[in-house]
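Residue-level structural notes
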Amino acid sequence: MFQNPTDQERKELLATAKNIAVVGCSNNPERTSYLIAEALQKAGYRIFPVNPNLTEPVLGERPYASLDEIAEPIDIVDVFRRSEAVLPVVEEAVKVKPRAIWMQSGVVNEEAARLAQEHGIMVVMDRCIKVDHAILLGGK
């Protein structure tokens, strides 16, 4: 049975990460993915919007159709996709070797989590990265 990393492990990840790919990021300021990407950016992370439907910059950042288009190392892949759509994201992520896959609140996929863990990638599932950042790092 899957178990999320401890508070300390998530805190360490968030404290040391720099680049976060936001898969399923929207350009609509009213969507949760946009609001969380914006909050992560304001917290000092570089965000990489990943959504094949985006053609214009989001929050001043060039959008990417897929993870493998990003030339820089990715620390966290933050996933805003339905649970049943996560496995292909993780299959792609395994190739770019992020430090962690973070599935947002309500997103649960045990098979995807196992695949990531088999490749040495930390997995956080069914947790909001913005909430954890505020709790674990005091909003810093």
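Everything that follows concerns the structure shown earlier in this document.
Here we summarise the structure given alongside this text. (Residues numbered from 1 in each chain as written. Predicted model: local features only at pLDDT ≥ 70, side-chain atom pairs only at ≥ 80, totals over all residues. Heavy atoms only, no water.)

Here we take up the packing of helix α1 (residues 7–16) against helix α5 (residues 129–137). At a minimum axis distance of 10 Å, the contact between α1 and α5 shows a crossing angle of 100°. Comparing their axes, α5 and α1 come out roughly perpendicular. Contacts from Asp 7, Arg 10, Lys 11, Leu 14 and Ala 15 of α1 reach α5 at Ile 129, Asp 132, His 133, Leu 136 and Leu 137. Here the contact of α1 with α5 is composed, by residue class, of five nonpolar, one polar and four charged. (Axes fitted to C-alpha atoms, helices over the stretch in contact; angles between N-to-C directions. Helix = DSSP H or I, 4+ residues; strand = E, 2+ residues; numbered from the N terminus. Parallel < 35°, antiparallel > 145°, perpendicular 65-115°, else oblique. Contact = heavy atoms within 4.5 Å. Nonpolar A, V, L, I, M, F, W, Y, C, P; charged D, E, K, R; others polar.)

Quick look at the pattern of salt bridges now. Applying the stated rule across the entire model yields seven salt bridges. Where Arg 127 meets Asp 132, a salt bridge forms, and the shortest distance between an N and an O atom there is 2.7 Å. Sharing partners across several salt bridges, the network here consists of Asp 7, Arg 10, Arg 127 and Asp 132. (Salt bridge = Lys/Arg side-chain N within 4 Å of Asp/Glu carboxyl O.)

This next bit is on the pairing of strand β1 (residues 19–23). In terms of burial, β1 is a largely internal element, five of the five residues being buried. Both faces of β1 are covered, namely the face carrying Asn 19, Ala 21 and Val 23 and the face carrying Ile 20 and Val 22. Sheet analysis places β1 next to strand β2 (residues 46–50), joined by five bridges and oriented parallel. Across the sheet, Ala 21 pairs through a bridge with Phe 48, a residue of β2. Pairing geometry for β1 and strand β3 (residues 76–79), over four bridges, is parallel. When the sheet's bridge partners are listed, Ala 21 is paired in β3 with Val 77. (Buried < 20%, exposed > 50% of the residue type's maximum accessible area, 1.4 Å probe, protein only. Pairing = 2+ DSSP bridges.)

Purely geometric stuff here, so don't read any function into it on its own.
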